[in-house]
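# Residue-level structure breakdown
Spelled out, the chains give:
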Amino acid sequence: QAVLIFVKAKADQKDLKGTEALNPDGLMQRAIKTVKDAAPELLVMTDVALDPYSSVGHDGIVENGKVINDETNEQLGKMALGHAQAGADLVAPSDMMDGRVAHIREVLDQSEFTDCGIMSYAAKYASAFYGPFRDALGSAPVEEQNIPEDKKTYQMDPANSKEAIKECLLDEAEGADILMIKPGLPYLDIINDVSYQTQLPIAVYQVSGEYAMLKAAAEKGWLDHDAVLLEQLIGFKRAGAKLIASYFAKDAVRLIS
């Protein structure tokens, strides 16, 4: 019913401001058009963040050793608009910059893309479960002087649950249509807590580390792959998720069809 598209940029396309993200003929823009041409009924959601295009692997523009929030938001607004122009149904800002949902909503509305929705990564934790994805995408922070070594200044502390509710309610007030919690399994309590605080649909992201762990355990014969997968998906739904973004999507469709 829906796809969430990410891109892997070539090394020579990356710079400190993620300029390639704004290329109207870029990989993301071509991918959106390709999917829409092949399956017009499919809902297309797109990742909005600079890290795939950043030469230093951060979700925002880095200056003097810090991620610059407001200048990053300007870039994210242009990026989201480009995705809408290419045919995206929803844009999904995953960067965790403050105020980016309001800015993206304003940019889209001013350009008459009022029907393009926003699925905000409202509570995205600074998790160790993203490792396989970052390795595949080449989007981990680089180890260079005067570059933040991790994403903890803008992603959330795994020990903090109160902030998740605050972040979600702020994004709702700024115009988000769907609120995303990421990762999934270690944060079922967050999904549940937020579900009692909002009427918006809650999405959960079953991330690459969660996928890799089950695949590896199943290959070893330690777990029943299909049974554990279904149990995990049921857990997300039971906690309050209405949508699940997962690398197991094809497996799940096979099992429940």
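About the cut-offs
- Residues numbered from 1 in each chain as written.
- Predicted model: local features only at pLDDT ≥ 70, side-chain atom pairs only at ≥ 80, totals over all residues.
- Heavy atoms only, no water.
- Core = buried A, V, L, I, M, F, W, Y, C linked by side-chain atoms within 4.5 Å.
- Buried < 20%, exposed > 50% of the residue type's maximum accessible area, 1.4 Å probe, protein only.
- Helix = DSSP H or I, 4+ residues; strand = E, 2+ residues; numbered from the N terminus.
- Contact = heavy atoms within 4.5 Å.
- Pairing = 2+ DSSP bridges.
- Axes fitted to C-alpha atoms, helices over the stretch in contact; angles between N-to-C directions.
- Patch = residues over 30% accessible without salt bridge, like charges linked within 9 Å, V, L, I, M, F, W, Y side chains within 5 Å.
- Areas by Shrake-Rupley, 256 points an atom, 1.4 Å probe, with all protein chains shown as cover.
- Salt bridge = Lys/Arg side-chain N within 4 Å of Asp/Glu carboxyl O.

## A look at the nonpolar core
Of all hydrophobic cores here, the largest spans 57 residues; its most connected members are Val91, Ile104, Leu108, Ile181 and Ile191. The greatest single-element share of this core, amounting to 6 residues, is contributed by helix α2 (residues 69–86). If we skip the residues at most four places from it in the chain, Val91 touches Thr46, Val48, Ala80, His83, Ile104, Leu108, Cys116, Gly117, Ile118 and Met119. Membership of the second largest hydrophobic core comes to 12 residues, among which are Ala92, Ile178, Ala203 and Val207.

## Regarding the sheet that holds strand β1 (residues 2–5)
Ordered in space as β1-β2-β5-β6-β7-β8-β9, the 7 strands form an open sheet in which the pairing is parallel. Looking at the sheet topology across the chains shown, the edges are occupied by β1 and β9 (243–246). The average angle at which neighbouring strand axes cross in this sheet is 25°, direction not considered. Pairing of strand β2 (residues 43–48) with strand β5 (residues 90–93) involves 4 bridges; the strand directions are parallel. Within the sheet, the bridge partner assigned to Asp47 lies in β5 and is Ala92. Across the face of the sheet, helix α1 (residues 27–38) comes into contact with β1 and β2 while running at roughly 170° to β2. Packing of helix α8 (residues 225–239) onto the sheet brings it into contact with β8 (202–206) and β9, and relative to β8 it is tilted by some 150°.

## Regarding the environment of Asp251
Relative to the helices and strands, Asp251 resides in helix α9 (residues 249–256). Distance in space between the C-alpha atoms of Asp251 and Pro186 is 21 Å, their sequence separation being 65 residues. In this structure, Asp251 is in contact with Lys215, His225 and Leu229, ignoring residues within four places of it in sequence.

## A short note on a nonpolar patch on the surface
A surface patch of nonpolar side chains, about 290 Å² in accessible area, is lined by Leu230, Ile234 and Ile256. Relative to the elements of secondary structure, Leu230 occurs in helix α8. Note on Leu230: relative accessible area 30%, which makes it partly exposed.

## Notes on the environment of Tyr205
Among the secondary structure elements, Tyr205 is positioned in strand β8. By relative accessible area, Tyr205 is classed as buried at 3%. Expressed as a C-alpha distance, the spacing of Tyr205 and Ile118, which sit 87 residues apart in the sequence, is 15 Å. If sequence neighbours within four positions are ignored, Tyr205 has contacts with Leu4, Phe6, Tyr121, Met180, Ile181, Lys182, Pro183, Gly184, Glu210, Ala245 and Tyr247.

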